[in-house]
Amino acid sequence: FELSLLQAVLVVPTALVLALGAGFVPAWVAARTVPLDAVLPLRVGRVRQQRVRGIFSMAVANLRRLPGRALLASLALVIGVASLSVLLAIVAAFEGRLVGTLLGEAILVQVQGADFVSVGVATALAGLALADVLFLNLRERAAEIVTLRTVGWSDAHLRRLVALEAVVLGLLGSAAGAAVGIAIAAIAFDVPGDSLALGAALAALGGVAVTVAASLAPLSQISRLAVPTALAAD
């Protein structure tokens, strides 16, 4: 790559602006919080009771407690999977080199190794976001998890519960990302249908693999949740 000194220097203020933008809403919400809210139990909207018929339905119910957090984690995966779908579809259909027109101008799209590296970094960041969500859920539900353990749940059941939460997030993000990638590749680049399906399938499998890898670290923390510590913190 040919990178000028000015372009390299602009990375720092750009990253700073992005960080400030990402932190604005949480800081604004925190500034509006009164001290009494910090000692009262957290209540999110209206609580609706529902019957849990198994571990899978419990995993879905846990994700629905904070839908915004789950949505953001899945959205991060959507970006990576959609980008990978487009790149793989172009490679499969045109061997990585596409010539076309856009708004009357001739364009040349050539997929290179750096493109896959960029998409890989974005997908890895999505995996970190998923792991962060799972860590937060475990920390906030520590007392609930150890209570389940005291009434007979084994660590295997608890790991299955957390793993299902990760799988649901991964499947939602991967499926949505594959659909977005198919739409972009079909509309913008006129990629044939078989290449679209192949690229979307491979990208979705990659998204699921990232989800599985991201869930390994949170799953390892379940056995470390001590009953006295969790109940005392609650």
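Everything below is about the structure printed above this text.
The present account deals with the structure reproduced in this document.

Rules used in this analysis
- Residues numbered from 1 in each chain as written.
- Predicted model: local features only at pLDDT ≥ 70, side-chain atom pairs only at ≥ 80, totals over all residues.
- Heavy atoms only, no water.
- Helix = DSSP H or I, 4+ residues; strand = E, 2+ residues; numbered from the N terminus.
- Buried < 20%, exposed > 50% of the residue type's maximum accessible area, 1.4 Å probe, protein only.
- 1 Å grid on protein atoms, 1.4 Å probe; cavity = no way out; pocket = protein on both sides within 12 Å on 5 of 7 lines; lining within 4 Å.
- Points joined across faces, edges and corners; volume = space filled by probe spheres on them.
- Contact = heavy atoms within 4.5 Å.
- Core = buried A, V, L, I, M, F, W, Y, C linked by side-chain atoms within 4.5 Å.
- Salt bridge = Lys/Arg side-chain N within 4 Å of Asp/Glu carboxyl O.
- Axes fitted to C-alpha atoms, helices over the stretch in contact; angles between N-to-C directions.
- Left-handed = near helix turned anticlockwise from the far one by under 90°.
- Nonpolar A, V, L, I, M, F, W, Y, C, P; charged D, E, K, R; others polar.

1. Remarks on the overall build of the protein chain
Here comes step 1: Scanning the protein chain from N- to C-terminus turns up 9 helices and 2 strands.
Here comes step 2: Listed N to C, the secondary structure of the protein chain is α-α-α-α-β-β-α-α-α-α-α in terms of helices and strands.
Here comes step 3: For the protein chain, the residues scored as buried account for 30% of the 234 residues in total.

2. A few points about the layout of surface pockets
Here comes step 1: By volume, the second largest pocket is sized at about 200 Å³.
Here comes step 2: Together, 13 residues line the second largest pocket, and Ala70, Leu71, Ser74, Leu169 and Leu172 are the ones closest to its centre.

3. Concerning the environment of Val119
Here comes step 1: Along the chain, the position of Val119 falls in helix 5 (residues 113–140).
Here comes step 2: Sequence spacing of Val119 and Leu87 is 32 residues, and the spatial spacing of their C-alpha atoms is 9.0 Å.
Here comes step 3: Those residues in contact with Val119, other than ones at most four positions away along the chain, are Gly80, Ser83, Leu84 and Leu87.

4. Description of the nonpolar core
Here comes step 1: If you look at the biggest cluster of nonpolar residues, it comprises 24 residues, and the most contacted ones within it are Ile90, Leu130, Leu169, Ala185 and Val191.
Here comes step 2: Elements represented by at least two residues in this core include exactly helix 4 (67–94), helix 5, helix 7 (155–188) and helix 8 (193–220).
Here comes step 3: Counting residues in each nonpolar core, the second largest holds 13 residues, with Ile55, Leu134, Leu138 and Ile145 among its members.

5. Some words on the pattern of salt bridges
Here comes step 1: What the rule picks out here adds up to 4 salt bridges.
Here comes step 2: For the salt bridge of Arg69 with Glu140, the shortest nitrogen-to-oxygen distance reads 3.0 Å. Here Arg69, found in helix 4, pairs with Glu140, found in helix 5; they are 71 residues apart in sequence, far enough to count as distant.
Here comes step 3: Where Arg149 meets Asp155, a salt bridge forms, and the shortest distance between an N and an O atom there is 3.2 Å.

6. Description of the environment of Leu205
Here comes step 1: If you trace the backbone, Leu205 turns up in helix 8.
Here comes step 2: A relative accessible area of 58% means that Leu205 is categorised as exposed.
Here comes step 3: Residues Leu205 and Gly170, spaced 35 residues apart in sequence, show a C-alpha to C-alpha distance of 9.8 Å.

7. A short note on the packing of helix 5 against helix 8
The packing of two helices is summarised by the inter-axis angle and the distance between the axes.
Here comes step 1: Running from N to C, helix 5 and helix 8 point in directions that differ by 35°, and their axes come no closer than 8 Å. Handedness of the crossing formed by helix 5 with helix 8: right-handed. Within the contact between the two elements, helix 5 uses Thr123, Gly127, Leu130, Ala131, Leu134, Phe135 and Leu138 and helix 8 uses Val210, Thr211, Ala214, Ser215, Ala217 and Pro218.
Here comes step 2: Across the contact of helix 5 with helix 8, the residue classes tally to 9 nonpolar, 4 polar and no charged.

8. Considerations on the side chain of Ser85
Here comes step 1: Structurally, Ser85 can be placed in helix 4.
Here comes step 2: We classify Ser85 as buried; its relative accessible area is 2%.
Here comes step 3: Beyond its immediate stretch of four places on either side in the chain, Ser85 contacts Gly177, Ala178, Gly181, Gly199, Ala200 and Ala203.

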